[in-house]
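# Chains, contacts and geometry: an overview
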Amino acid sequence: MVATGGGVVKSMKNWDAMRNGLVVWLDAPTSLLAERLEGEEQKDRPLLDLSSDAGEEGALEDKLATILQERRSLYQRADIRVSLDNAFEAGKVSPVKVALRVLKEIEKKIDEKDARDEEMKNYTINRDNINKLVD
């Protein structure tokens, strides 16, 4: 398992690397993200530099909403989306419960793939029929 930064989705090279496994998007509301980041020094997060907005109420959440809007279509390429909606507000659900939800979604994805693979075993290729269609 690799946890990436949010900007990793902007590069096709990164997507190529991530496609070696399942990509899971933890889709959290900006209010939750802001709550988790509040008070954290943003020197390692240049896109979240709020020095010009210092003291403005909701500035961090607004900045996060803008970034999310710009990247949403990229995040939607993930194999699995786990919504961390309002029921998952900070402090109400442990990281362990979030991890269990992710594992449950991964299990569903694997089951879907297994069902598709089983379905494909029932198909046979008849060259005569293909040649008739191609000719």
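Residues numbered from 1 in each chain as written. Predicted model: local features only at pLDDT ≥ 70, side-chain atom pairs only at ≥ 80, totals over all residues. Heavy atoms only, no water.

If you tally the helices and strands in the chain, you get five helices and two strands. For the chain, the α and β elements follow one another from N to C terminus as α-β-α-α-β-α-α. The burial tally for the chain puts 24% of its 135 residues in the buried class. As presented, the chain carries roughly 10,500 Å² of accessible surface, and 50% of it is formed by carbon and sulfur atoms. (Helix = DSSP H or I, 4+ residues; strand = E, 2+ residues; numbered from the N terminus. Buried < 20%, exposed > 50% of the residue type's maximum accessible area, 1.4 Å probe, protein only. Areas by Shrake-Rupley, 256 points an atom, 1.4 Å probe, with all protein chains shown as cover.)

A contiguous nonpolar patch, built from Val-96, Leu-100 and Leu-103 and spanning about 300 Å² of accessible area, is present on the exposed surface. With respect to the secondary-structure elements, Leu-100 resides in helix 4 (residues 95-121). Owing to a relative accessible area of 51%, Leu-100 belongs among the exposed residues under this scheme. (Patch = residues over 30% accessible without salt bridge, like charges linked within 9 Å, V, L, I, M, F, W, Y side chains within 5 Å. Salt bridge = Lys/Arg side-chain N within 4 Å of Asp/Glu carboxyl O.)

Looking now at the packing of aromatic side chains. A complete count under the given rule lists one aromatic pair for this structure. Stacked on the ring of Trp-25, the Lys or Arg Arg-81 has its end atom at 5.7 Å from the ring centre. (Phe/Tyr/Trp six-rings, centres within 6.5 Å; stacked < 30°, edge-to-face > 60°. Lys NZ or Arg CZ within 6 Å of the ring centre and 35° of its normal.)

Turning next to the nonpolar core. In this structure, Val-8, Val-9, Trp-15, Met-18, Val-23, Trp-25, Leu-68, Leu-74, Tyr-75 and Ala-78 together form the largest nonpolar core, which totals ten residues. For this core, the secondary-structure elements that each account for two or more residues are helix 1 (12-18) and helix 3 (59-75). With three residues, helix 3 is the single largest residue contributor to this core. Counting residues in hydrophobic clusters, the runner-up holds nine residues, among them Leu-32, Leu-84, Val-102 and Ile-106. (Core = buried A, V, L, I, M, F, W, Y, C linked by side-chain atoms within 4.5 Å.)

Only one face of strand 1 (residues 24-27) is covered, namely the one carrying Trp-25 and Asp-27; the face carrying Val-24 and Leu-26 has none of its residues buried. Both strand 1 and strand 2 (residues 80-83) contribute to a ladder of four bridges, which runs parallel. Bridge pairing in strand 2 places Asp-27 opposite Ser-83. (Pairing = 2+ DSSP bridges.)

Quick look at the environment of Ala-59 now. Turning to its location among the elements, Ala-59 is positioned in helix 3. Overall, Ala-59 belongs to the buried group, its relative accessible area being 10%.

On the surface, Glu-107, Asp-111, Glu-112 and Asp-114 cluster together into a patch of negative charge. The residue Glu-112 is located in helix 4 in this model. (Lys, Arg positive; Asp, Glu negative; His and termini not counted. Charge placed at Lys NZ, Arg CZ, Asp CG, Glu CD.)

Relative to the 39 Å expected for 27 residues at 1.5 Å per residue, helix 4 spans 39 Å between its end C-alpha atoms, a close match to the ideal helical length. Of all the positions in helix 4, only Val-98, Val-102 and Ile-106 are classed as buried. Tucked inside the fold, the buried residues of helix 4 contact strand 1 and strand 2. (Expected span 1.5 Å × (residues − 1). Contact = heavy atoms within 4.5 Å.)

Counted as a void, the largest pocket has a volume near 1,600 Å³. Looking at the lining of the largest pocket, the elements with two or more residues in it are helix 1, strand 1, helix 2 (30-37), helix 3 and helix 4. Looking at the lining of the largest pocket, its residues break down into 33 nonpolar, seven polar and five charged. (1 Å grid on protein atoms, 1.4 Å probe; cavity = no way out; pocket = protein on both sides within 12 Å on 5 of 7 lines; lining within 4 Å. Points joined across faces, edges and corners; volume = space filled by probe spheres on them. Nonpolar A, V, L, I, M, F, W, Y, C, P; charged D, E, K, R; others polar.)

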